[in-house]
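Residue-level listing of the chains:
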Amino acid sequence: TDGTIQSSMMGGGSDGAAIKFLQGFNERLRIDSSGRLLIGHSSHLSVAGVEAHLQVLGTGSDDSSIMLSRTSNDIHPAFLCFVKSRAPQFIGDVNSVASGDSLGKILFFGADGTDDDTVGAEIGVFVDGTPGANDRPSRIVFKTTADGANSPSSPAAMTVNSSQNVGVGTET
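Computed from a predicted model, the values in this text were never measured in an experiment.

Chemist: Before we move on, could you go through the overall build of the protein and cite the residues and values that matter?
Modeler: Assigned secondary structure in the protein consists of 0 helices and 10 strands. Element order for the protein, N to C, with α for helix and β for strand: β-β-β-β-β-β-β-β-β-β. Its C-alpha atoms give the protein a radius of gyration of 21 Å, clearly above 16 Å, the size a compact globule of 172 residues would have. Principal axes of the C-alpha set define a box for the protein whose edges measure 65 × 45 × 40 Å. In the protein, the share of contacts with a sequence separation of at least 24, taken over all contacts with a separation of at least 6, comes to 16%. Entry remark: accessible area of the protein is about 12,200 Å², with carbon and sulfur atoms responsible for 53%. Positive and negative side-chain charges in the protein, numbering 11 and 19 respectively, have mean positions lying 6 Å apart.

In structure tokens, the structure reads:
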């Protein structure tokens, strides 16, 4: 009642149980036994077979959003980076990608009353030619899902290739 926020951390022991961060009696985040950071819920979710290691769930704009902000007196923004390597085993190895490799995707899902595993649209970036040292030709592909379909269509709705050419209804 004096304005002091009561907080605590509850940790699992050697059995690999979750670590919970509480504010008062309310759980604010959890690191589960697989190392996933869960914010807004207490058990991991899988969407389209992906069990992301950062999950943020909420019921409104504020508690279901992620913000990246940079406040500096210059021209530089905040960044969201996707990095792909063909390294077979070790994080940090930089084995070169190959033509056609996916460098990253943003997928948009919507619940349909059965599940939330159906992609409504996707934006993907792919290697578009032979990469070399500090040379990464790429294309960006935009796809949407047609009415009655259960996945984004091929060919893509639009593609911008490594030559800066825009194609409508093509992936090259």
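After presenting the structure, the write-up continues.
Chemist: Report on the sheet that holds strand β8 (residues 138-144), specifying residues and quantitative values.
Modeler: Think of a sheet as strands paired side by side through backbone hydrogen bonds, with each pair either parallel or antiparallel. Ordered by their spatial adjacency, 5 strands build an open sheet running β6-β7-β8-β9-β10, and the pairing between neighbours is antiparallel. Every interior strand has two partners, whereas the edge strands, β6 (102-109) and β10 (166-168), have only one. Averaged over neighbouring strand pairs, the angle between their axes works out to 10 degrees when direction is ignored.

Chemist: Any chance you could break down the side chain of Asp32 for me, citing the residues and the numbers?
Modeler: Relative to the assigned elements, Asp32 resides in the loop between β3 (26-31) and β4 (37-39). Within polar-contact distance, the side chain of Asp32 engages the backbone nitrogen of Ser34 at 2.9 Å. Among the polar contacts listed, one links the side chain of Asp32 to the side chain of Arg36, at a separation of 2.7 Å. Not counting the four nearest positions on each side in its chain, Asp32 is found in contact with Ala18, Leu38 and His44.

Chemist: How would you explain the environment of Gln89 if you had to name every residue and give the values?
Modeler: Relative to the elements of secondary structure, Gln89 occurs in the loop between β5 (54-56) and β6. Linking Gln89 and Asp116, residues 27 residues apart in sequence, is a C-alpha distance of 31 Å.

Chemist: Could you give me a rundown of unusual backbone geometry, with the residues and numbers involved?
Modeler: That bond from Ser154 to Pro155 is cis: its omega, 0 degrees, falls within 30 degrees of zero. The phi dihedral of Ala48 falls on the positive side, at around 55 degrees, and the residue is not glycine. Within the secondary structure layout, Ala48 lies in the loop between β4 and β5.

Chemist: Residue-level account of the side chain of Arg30, with values.
Modeler: Relative to the assigned elements, Arg30 resides in strand β3. Given the relative accessible area of 12%, Arg30 is considered buried. Only 3.3 Å separates the side chain of Arg30 from the backbone oxygen of Ser42, close enough to count as a polar contact. Leave out the neighbours within four places in its chain, and Arg30 touches Ala18, Ile19, Lys20, Arg36, Leu37, Leu38 and Ser42.

Thresholds, definitions, all that
Residues numbered from 1 in each chain as written. Predicted model: local features only at pLDDT ≥ 70, side-chain atom pairs only at ≥ 80, totals over all residues. Heavy atoms only, no water. Helix = DSSP H or I, 4+ residues; strand = E, 2+ residues; numbered from the N terminus. Rg over C-alpha atoms; globule rule 2.2 N^0.38 Å. Contact = heavy atoms within 4.5 Å. Areas by Shrake-Rupley, 256 points an atom, 1.4 Å probe, with all protein chains shown as cover. Lys, Arg positive; Asp, Glu negative; His and termini not counted. Charge placed at Lys NZ, Arg CZ, Asp CG, Glu CD. Pairing = 2+ DSSP bridges. Axes fitted to C-alpha atoms, helices over the stretch in contact; angles between N-to-C directions. Polar contact = N/O pair within 3.5 Å; in protein donor to acceptor, adjacent residues only side chain to side chain. Buried < 20%, exposed > 50% of the residue type's maximum accessible area, 1.4 Å probe, protein only.

Without other data, these values stay purely geometric and don't point to any function.
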